[in-house]
Amino acid sequence: MIFSAPLAFLALLPFVALFFFTRFVPKIVANAQMMRAKKSVKFVEWLKILGTLCLICALAQPNIILGEFSFPKMQSQIALVLDTSHSMDINDFGDINDFEELKENLKDSTNPKTSQNLSAQSPNRLEVLKRVSKKFIAKNPYDSILLVPFGEHSLMLNPLSSDRAYLSALIDSLSLGMAGGKTAINDALARTIFALSAPTHPNAQKSIILLTDGFDTDSKMKTSELLNLALEKNVRIFTISIGEGADLTSLEYIAKTSGGRAYLATDSKSLDSIFDAIGEIIPHSVVVPYSYSLQIFFIMFGIIFLLAYWVLKYGFRSGILGIFAKLKNFFLQKNFKALLDFRIFAFLALVFFCIACALALTQSNLPKSSNAVFVLDVSKSMLAKDFYPTRLKFATTKLAKILRKHKLCSSIIIFSQSAYLLSPFSCDFSTQALLLENLSLPYEENLDIEKSALDNGASNVDLALEMAKFYGEKIVLLSDGDFATPKGLDSTQSALLWLFASMQGSVIEFENALVKDSQNRVVVSAPKDFALQGYKAHFWERVQASLDESDESAILAFLKNTQDFSFLYKSADSLIFLLLGLFALFIAFWRAKL
């Protein structure tokens, strides 16, 4: 057992001083001679001593280490703000020896002319940036990373995450011009600062690493406003200029004013060195075993010992009657000295200790063992308008509200014919809610040709559930139920169907156009009763979406054993009432002359 606040044991000194003072100063305490003559301490006095010791131990915050759990005692939140404008297509920055694929092509090439062309080939600036970024996040496995590619727009690719495989896949997906061809540096930084400002960890250190090769040509936010925001949110900005064509003066000013540093990279090797230097400056996440608080037990034992002392020493009935007599004396005769009776202070101490016990009991003491996974149906049937404005928009709004209000940690998967991970497991509920609110469906304007493989009008729920099993034990499926019977779940997992369908079917429209299937037939959503025919009742719970918050309460009840980030926040309220209780107890002992 360890104590998080060992200095709290200094609270013993007043009680020890009071004990010796009242026993060995006969001029002040009339019965000191008699007490000193007793060589042994009675059993009832031991109860008082043990009760006081237990409460002071509770103040010192006793814990036991649980090796099977770990959590970040200090979390480093790093945003990589990466320029993907067209100017990053210049092939002047990379070394072919740093890229295995090009080296293999060069090695395998038997045509001297082809070999010569490959030798002359070098990766563009964006490819170098991607390689170095992946190397940086791999070196610091516990840091939470946010990826923000930008051009004239800025894209939040993910919530804060430490899932390195997921982050590497996102970095690989970066492409030139994906956020527009212009460069809006200030706007990208401002949006990133707002994303980092969400309260996702009590001891978070927030940093931004900006990589760009140009000037700010398209921002609406002024540099002065950006810096005021960075200082207000306590976010440091590190700037890396890719080549000498960048706005070195402005980038250096932004970095130094925000508390960061500015760097100039002239080739891939210097970029590697810069990332290493920044990695030494930025504090990285510290992951420690979780410690289970024993405070509640010490408070309860302290109360029990002191109550037993009270009953054996004064009697329960006489003690209570004495308190009422003193209070009656005060209210009827305005005798303020009646309030100085030791029984009044003992009663106050008991009240404070009970409040401290209740507060310690309500605090989340253990990180929950289950992870929540939300699986969102984005097939065409979710475009039905029996929920306003559509089933899908209604569902994403509801889910975003739950994430923000109750600060849940979760993974999010979207599916129709295929399934995609929208967010790995993360406590960055704010960015997750933003991703949901900005979720757009991949349909062409004519609705006959799909823009991606995400949807062709069908719902492959089995594929989505197979993916969900890897990310958590509590699965919430948000769907209109228009799918075939889902397969069974593992015994360690449970699932809930959050049903977004009314009693009637509805013709599906998107942007005032009828949705048609591959046979050019108008798609009609299944009514609620039909949708539930393929629903496996003995594996699933079910909640009907509603316009009020009754369905949200059912969802939260289902997720009651899943992780949120409240266990990271240890409230000091119980400690405050413990201090007040110990102070009242000290006065009670003093007034009672021990």
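This text follows the structure it describes.
Remember, it's a predicted structure, so these values are computed and weren't measured experimentally.

Trainee: Just to check I follow, could you spell out helix α16 (residues 429–437) for this structure?
Mentor: An α-helical segment advances 3.6 residues per turn. Residues three or four places apart therefore align on the same side. Of the positions making up α16, those classed as buried are F429, T431, Q432, A433, L435 and L436. For α16, the elements touching its buried residues are α8 (185–196), β8 (372–377), α15 (391–406), β9 (410–415) and β10 (419–426).

Trainee: Just to check I follow, could you spell out the nonpolar core for this structure?
Mentor: One broad trend across soluble globular proteins is that nonpolar side chains are buried collectively. Judged by nonpolar contacts, the single largest core of 47 residues is most densely connected at L80, I209, L211, I240, L271 and F275. For this core, the leading source of residues is helix α6 (residues 125–139), giving six residues. With residues up to four places along the chain from it excluded, the contact list for F275 reads L80, V132, S133, F136, I209, L211 and I240. By size, the runner-up hydrophobic cluster in this structure holds 29 residues, among which are A395, I414, L422 and V543.

Trainee: Got a minute to help me understand the pairing of strand β4 (residues 204–212) in this structure?
Mentor: For a regular strand, side-chain orientation follows a simple rule: the groups alternate between the two sheet faces. Burial within β4 is extensive, with eight of its nine residues counted as buried. Note: β4 against strand β5 (residues 235–242), seven bridges, orientation parallel. Along β5, the bridge assignment pairs T212 with S241. On the question of chirality, the crossover connecting β4 to the parallel β5 by way of helix α9 (residues 223–233) is right-handed.

Trainee: Help me understand a nonpolar patch on the surface, please; the structure alone is not making it clear to me.
Mentor: A cluster of nonpolar side chains, W46, I49, L50 and L53, forms an exposed patch at the surface whose accessible area comes to about 330 Å². Structurally, L53 is set in helix α3 (residues 43–59).

Trainee: How do you make sense of the packing of α3 against helix α12 (residues 295–314) when you look at a structure like this?
Mentor: Relative orientation and spacing of two packed helices are given, respectively, by the angle between their axes and the distance between those axes. Direction vectors running N to C along α3 and α12 enclose 155 degrees, while the axes themselves pass 8 Å from each other. Relative to α12, the element α3 lies roughly antiparallel. With respect to the hand of their crossing, α3 and α12 are arranged in left-handed fashion. Contact with α3, carried on its side by F43, V44, E45, L47, K48, L50, G51, T52, C54, L55, C57 and A58, involves Q295, F298, I299, F301, G302, F305, L306, A308, Y309, L312 and K313 of α12 and no other residues of that element. Split into classes, the residues belonging to the contact of α3 with α12 amount to 16 nonpolar, four polar and three charged.

Trainee: Would you mind showing me how to read the state of the cysteines here?
Mentor: This structure, assessed with the given rule, holds zero disulfides. Of all cysteine sulfurs, the one in C54 lies closest to C57, which takes part in no disulfide; the gap is 6.4 Å. Residue C57 is classed as buried on the basis of its relative accessible area of 14%. The cysteine C354 is free of any disulfide, with C357 supplying the nearest cysteine sulfur at 6.9 Å.

Trainee: Can you help me understand the environment of E45 in this one?
Mentor: Among the structural elements, E45 can be located in helix α3. For E45, a relative accessible area of 16% corresponds to the buried category. Once the C-alpha coordinates of E45 and L306 are considered, the two residues, 261 residues apart in sequence, prove to be 9.9 Å apart. With residues near it in sequence (within four places) discarded, E45 still touches Y309 and K313. A polar contact is formed between the side chain of E45 and the side chain of K313, at a distance of 3.3 Å.

Trainee: How do you make sense of the environment of T183 when you look at a structure like this?
Mentor: If you trace the backbone, T183 turns up in the loop between α7 (164–172) and α8. You can call T183 buried: its relative accessible area is 8%. In sequence terms T183 and F215 are 32 residues apart; their C-alpha atoms lie 6.9 Å from each other. With residues up to four places along the chain from it excluded, the contact list for T183 reads D83, S85, F150, G151, E152, T212, F215, D216, T217 and D218.

Trainee: Would you take a moment to explain unusual backbone geometry for this structure?
Mentor: Only a minority of non-glycine residues have a phi that is not negative, and only a minority of peptide bonds are not trans. Cis rather than trans, the peptide bond between Y388 and P389 has omega equal to -10 degrees. Mapped onto the elements of the fold, P389 is located in the loop between β8 and α15. The backbone of Q61 shows a phi angle near 60 degrees, a positive value even though the residue is not glycine. With respect to the helices and strands, the residue Q61 is situated in the loop between α3 and β2 (62–83). Given a relative accessible area of 26%, Q61 falls into the partly exposed group.

Trainee: Mind showing me how you'd approach helix α20 (residues 573–592) here?
Mentor: For α20, which comprises 20 residues, the first-to-last C-alpha distance of 29 Å matches the rise-based estimate of 28 Å (1.5 Å per residue) to within 8%. Along α20, the residues classified as buried are S574, L575, L578, G581, L582, A584, L585, I587, A588 and F589.

Parameters and conventions
- Residues numbered from 1 in each chain as written.
- Predicted model: local features only at pLDDT ≥ 70, side-chain atom pairs only at ≥ 80, totals over all residues.
- Heavy atoms only, no water.
- Buried < 20%, exposed > 50% of the residue type's maximum accessible area, 1.4 Å probe, protein only.
- Helix = DSSP H or I, 4+ residues; strand = E, 2+ residues; numbered from the N terminus.
- Contact = heavy atoms within 4.5 Å.
- Core = buried A, V, L, I, M, F, W, Y, C linked by side-chain atoms within 4.5 Å.
- Pairing = 2+ DSSP bridges.
- Right-handed = clockwise from strand over helix to strand, strands pointing away.
- Patch = residues over 30% accessible without salt bridge, like charges linked within 9 Å, V, L, I, M, F, W, Y side chains within 5 Å.
- Areas by Shrake-Rupley, 256 points an atom, 1.4 Å probe, with all protein chains shown as cover.
- Salt bridge = Lys/Arg side-chain N within 4 Å of Asp/Glu carboxyl O.
- Axes fitted to C-alpha atoms, helices over the stretch in contact; angles between N-to-C directions.
- Parallel < 35°, antiparallel > 145°, perpendicular 65-115°, else oblique.
- Left-handed = near helix turned anticlockwise from the far one by under 90°.
- Nonpolar A, V, L, I, M, F, W, Y, C, P; charged D, E, K, R; others polar.
- Disulfide = S-S within 2.5 Å.
- Polar contact = N/O pair within 3.5 Å; in protein donor to acceptor, adjacent residues only side chain to side chain.
- Expected span 1.5 Å × (residues − 1).

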